[in-house]
Amino acid sequence: MTRQEKSQVIEELTVQLADNANIYLADISGLNAGNTSDLRRACFKAGVKLAVVKNTLLEKAMEASDKEFGELPTVLKGNTSVMYSETGNAPAKVIKTFRKKSEKPLLKGAFIEEAVYIGDDQLDMLVDIKSKEELIGEIVGLLQSPAKNVISALKSGGGTIAGIIKTLSEKEG
């Protein structure tokens, strides 16, 4: 690979790092062609982009990036694949599901919305991370709950103020 080709790869990786808030580093070495194909298919279905990278080039892209990757560059040893996703827990779910039938991929580390996670032991925690959409849905559900109580009190209270107050006080007690 020429110096110019390396520079171009570093530039492309730097753009990918800038464009993605959720970046996972995994070791998929040792997977046979069929398993690798299955993993790529699982990533595609989950909206995860998978790319094999050279550690030195990825490290230079991390250095060139505006993001603070903390200790993440320290895991760049051996074979490394990068997984990009719009959803913070999607790559973790793909890895966990895939590991039911294979030892790999191993999670080396992850960068999720500016937080850095190091090591395969972080996988279960990353699977449980909620996306922004999931959090917003939970908050909306919590906010709707009191409104539903008032509406049901209006319906069951017979439409009178005294009936509504009685129904609401019974629900609280």
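See above for the structure.
This is a predicted model, so every value here is computed, not measured.

**As for unusual backbone geometry**
- That bond from K104 to P105 is cis: its omega, 5°, falls within 30 degrees of zero.
- Topologically, P105 is positioned in the loop between helix 4 (90-98) and strand 4 (106-112).
- Its identity is not glycine, yet E113 carries a phi of approximately 45°, on the positive side.
- Mapped onto the secondary structure, E113 falls in the loop between strand 4 and strand 5 (115-118).
- A residue is classified by how much of its surface remains accessible, and E113, at 41% relative accessible area, is partly exposed.
- Backbone geometry places E114, a non-glycine residue, at a positive phi of 80°.
- Considering the arrangement of structural elements, one finds E114 in the loop between strand 4 and strand 5.

**Quick notes on the environment of F98**
- Locating F98 in the fold gives a position in helix 4.
- On a C-alpha basis, the gap between F98 and A42 in space is 8.2 Å, while along the polypeptide they are 56 residues apart.

**Concerning the pattern of salt bridges**
- This model, assessed by the stated rule, comprises four salt bridges.
- One salt bridge in this structure joins D27 and K104, with 3.4 Å as the shortest N-O distance. Pair noted here: D27 is in strand 1 (residues 22-27) and K104 is in the loop between helix 4 and strand 4, with a separation of 77 residues, a long-range link. With respect to class, D27 is no different from K104; both count as buried.

Criteria and cut-off values
- Residues numbered from 1 in each chain as written.
- Predicted model: local features only at pLDDT ≥ 70, side-chain atom pairs only at ≥ 80, totals over all residues.
- Heavy atoms only, no water.
- Helix = DSSP H or I, 4+ residues; strand = E, 2+ residues; numbered from the N terminus.
- Buried < 20%, exposed > 50% of the residue type's maximum accessible area, 1.4 Å probe, protein only.
- Salt bridge = Lys/Arg side-chain N within 4 Å of Asp/Glu carboxyl O.

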